[in-house]
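Listed below are the residues making up each chain.
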Amino acid sequence: CFRKKLMKKILVIDDDHDLLQLLKKFLEKNKYDVVVASSGGDGIRKLDKTFDLVICDVRLPDIGGLEIITKVKLKHPHIFIIMITGYADVRTAVEALRIGASDYITKPLHPDELINQIDELMEKQNFPVPVSAVGEAVAVTSHPSSKVERSAVHVNIPGLQYVLGESAIMQSVNKNIDLVAPTDMSVIIMGETGTGKEYVARRIHDLSSRSSAPFVALDCGALPHELAGSELFGHKKGAFTGAVNDTIGHFEMADGGTLFLDEIGNLSYENQVKLLRVLQERKVKKIGGTKEKDIDIRLLVATNENLKNKMKNGDFREDLYHRLNEFSIEMPALRQRGKDISIFSNHFLNLANVRLNKNVNAINEKVEEAFFKYAWPGNLRELNNVIKRAVLLCNTIELRKEHIPSEIFFGEQSLESFENTEDDKITDLKSITERAEKRAIIAALKKYQFNKTKVAEALEIDRKTLYNKINAYGIDL
C-alpha cells in the first residue's frame, strides 16, 4: 500500500475533541503523521509547507471551512484538502470543490472510505507529473531544467475515462466535439459545476492533431489572483517575495499541445489583459523577465458563469470573450440528461468496485427511480461520490435504499414539487405572472447551485429583491 512506503503529514481541524482523537489514532495506525487543531485559527497557525493534506470540518466556531480552503491554497497551494460535511451541506461541498478542495467526506465518517480517499490523493502526489497550485494533475513531466519532457505527455488517471451519453442532448454535444476537435479553434465549454467540462476538454484534445503533445489544465476558480500571473506565464527568481527559483508557466508547459483553463471567469481584469495579449501575439514573458518566448498552444476554457452578464457588469473583457468564443459547447446538467443518469450510475459503480475491491453488480429499481427524481446540484461529481460511498457501505450484491443518503429520497424533491403544484383554476394575470416568476427563480437557483449572488445577476435583480421573492413564494432552500 502506498501509505506504508512514505509517511505523509496530515493536519486535522475539527472542534469535536473526541473526533479529533479518534481520527488521530486511526490515521497514525495507518502510518500517517498527524497533527490536530480544535479551531480554524489554531489550524492556520500550525500549518506549514511540510503538510501534505488538511482534513477540515466545514463548520467551525471561528473560521469557516471555505475561508480555510482559501487561506491554505494561498499559503501552500500544493496541499490537498478534504472537507468534512453533512449531506445537508452538499451545496457547500460543491462550493468547496470549486474553490480548491480536493474531495469531501460526509458524516457519519466511515474509516474505510476516509482512508481510501486519502490514499487516492497521496497516490496523485506520486504520479510523475507536476501538480499545479490548485491540486490538478497536469499531463506533462517537469524537470529542474524547466524543459518539458515529451515522452510521457499524457497520463491516464484512473476514473478519467470519457463516457458517451445516449440522451439526445448529449448526442448533440458529442457531434460538436467531433466537429471542432480536428481544428485549432478556441472553445468555451459552459455548464454547471461537476458536469464534466474538463472531460470534454480532454476529449477534444485526444481527438485533435495535438493528442501526442501535452494537455495542461489549470483551475482559475481556485487560484488566488496574486498567483494567477505566475501560474499562467511563469516567473523569474526574485520577481516577488517567495520567488526563489525560475519557473515555467502553464503556457510553456502546454507548448505544442492544449491548455485548458477552467473557471475562466474568475481571472482578474489585469490577468485578462495579459491573457488577451498572449493570445494575440502568441508570445509569453515571465513575470520579472525581459525576454519573450514564442508559444504554440490551443486554448480551451470552461466556465459555470454567464460571461455575457459579466461583460455587461464590466467584470470580463468583451474582446477577450470574442477571442475565446470561436466555438462553444454547452454541457447539460445531469438532471437534464434522462437515461444518462443510469449509464453514469453503472459506470461509477464499476469504478467503485475496482477501487474498493467490491463486487456490487446491480442498483435497486427504487434507487434508480430516486436518482431520476433527484436534482443533483453537484452533478456527476456528486453522483460519483454517492455511488462510491454506497458501494463501501453495501454488503450485498445490490445497492439498496439503506445504502443511499436519505436526502436523495426526501431532500431535493421538495424543489421539484414547486414546479408541479400549479393550480389549473388560476386564470388572473397577476397569479399567472407570479407563477412564472417563481418557476424562473427555482430554475436559476438550480442552475447556479443556489449561489444567490449569481442568481440575482442572471435575473437582473438585486439580492434583497431576490430574498424577498424567495420568502414571498415560500421557496425552500
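To be clear, the structure that these remarks concern was listed above.
Conventions used here
Numbers given for residues are sequential positions, taken from 1 along each chain in its written order. Note on the predicted model: pLDDT of at least 70 is required for a residue's local features to be given, and 80 or more for side-chain atom pairs to be given and counted; whole-chain, interface and lining totals, by contrast, use all residues. Note that water and hydrogens are dropped before the side-chain values are worked out from all heavy atoms of the structure. Secondary structure counts use DSSP, requiring at least four H or I residues in a row for a helix and at least two E residues in a row for a strand, with both numbered from the N terminus. Burial classes follow relative accessibility: with a 1.4 Å probe on protein chains only, a residue under 20% of its type's maximum area counts as buried, one over 50% as exposed, and anything between as partly exposed. Paired strands, as defined in this entry, are two strands with at least two bridges between them according to DSSP. For every element, the axis is a line fit to its C-alpha atoms; helices are fit only across the contacting stretch, and the angle between N-to-C directions ranges from 0 to 180 degrees. Classification of ring pairs rests on two measures: the distance between centres of Phe, Tyr or Trp rings, Trp counted by its six-membered ring, which must be within 6.5 Å, and the angle between planes, read as stacked under 30 degrees, edge-to-face over 60 and tilted in between. A ring is scored as having a charge over it whenever the NZ atom of a lysine or the CZ atom of an arginine sits within 6 Å of its centre and within 35 degrees of its normal.

(A) Just the side chain of Asn-353, in detail. Within the secondary structure layout, Asn-353 lies in helix H13 (residues 340-356). A relative accessible area of 11% means that Asn-353 is categorised as buried.

(B) Geometry of the sheet that holds strand S1 (residues 9-13). Overall, parallel pairing links the five strands, which are arranged S2-S1-S3-S4-S5 in an open sheet. Two strands in the sheet have a free side with no partner beyond their single neighbour: strand S2 (33-37) and strand S5 (103-106). Sheet twist, expressed as the mean angle between neighbouring strand axes with direction ignored, is 20°. Here four bridges tie strand S4 (residues 80-85) to S5, and the two strands are oriented parallel to one another. Within the sheet, the bridge partner assigned to Ile-84 lies in S5 and is Ile-105.

(C) The environment of Ala-443, seen in detail. In this fold, Ala-443 is placed in helix H18 (residues 429-447). Looking at Ala-443, the relative accessible area reads 42%, which means it is partly exposed. As for Ala-443 and Val-455, which are separated by 12 residues in sequence, their C-alpha atoms are 9.4 Å apart.

(D) Representation of the environment of Glu-198. Within the secondary structure, Glu-198 is located in helix H7 (residues 197-206). Overall, Glu-198 belongs to the buried group, its relative accessible area being 17%. Note: C-alpha distance between Glu-198 and Ala-302 (104 residues apart in sequence) is 7.7 Å.

(E) Up close: the pairing of strand S12 (residues 258-262). Counting buried residues in S12 gives five out of five residues, a clear majority hidden from the surface. Side chains Thr-258, Phe-260 and Asp-262 of S12 all project onto a buried face; the interleaved residues Leu-259 and Leu-261 project onto the opposite face, where all are buried too. Pairing of strand S9 (residues 215-219) with S12 involves five bridges; the strand directions are parallel. The residue bridging Ala-217 from the neighbouring strand is Phe-260, located in S12. Bridge count between S12 and strand S15 (residues 298-303): four bridges; the pairing is parallel.

(F) View of the packing of aromatic side chains. A full pass over the atoms with the stated rule returns five aromatic pairs. Centroid distance Phe-233 to Phe-251: 5.7 Å. Interplanar angle 15°. Geometry classified as stacked. Placement of Phe-233 in helix H8 (residues 225-233) and of Phe-251 in helix H9 (residues 250-253) is noted, with a sequence separation of 18 residues between them. On the basis of relative accessibility, which here comes to 4%, the residue Phe-233 falls in the buried class. Among the residues examined, Phe-251 registers a relative accessible area of 0% and is labelled buried. Taken together, the aromatic side chains of Phe-371, Tyr-374 and Trp-376 make up a single cluster linked through ring pairs. Here Lys-9 stacks its cationic end above the ring of Phe-51, 4.5 Å away from the centre of that ring. For Lys-401, the ring lying beneath its charged end belongs to Phe-409, and the centroid distance is 5.0 Å.

These figures capture arrangement, not role.
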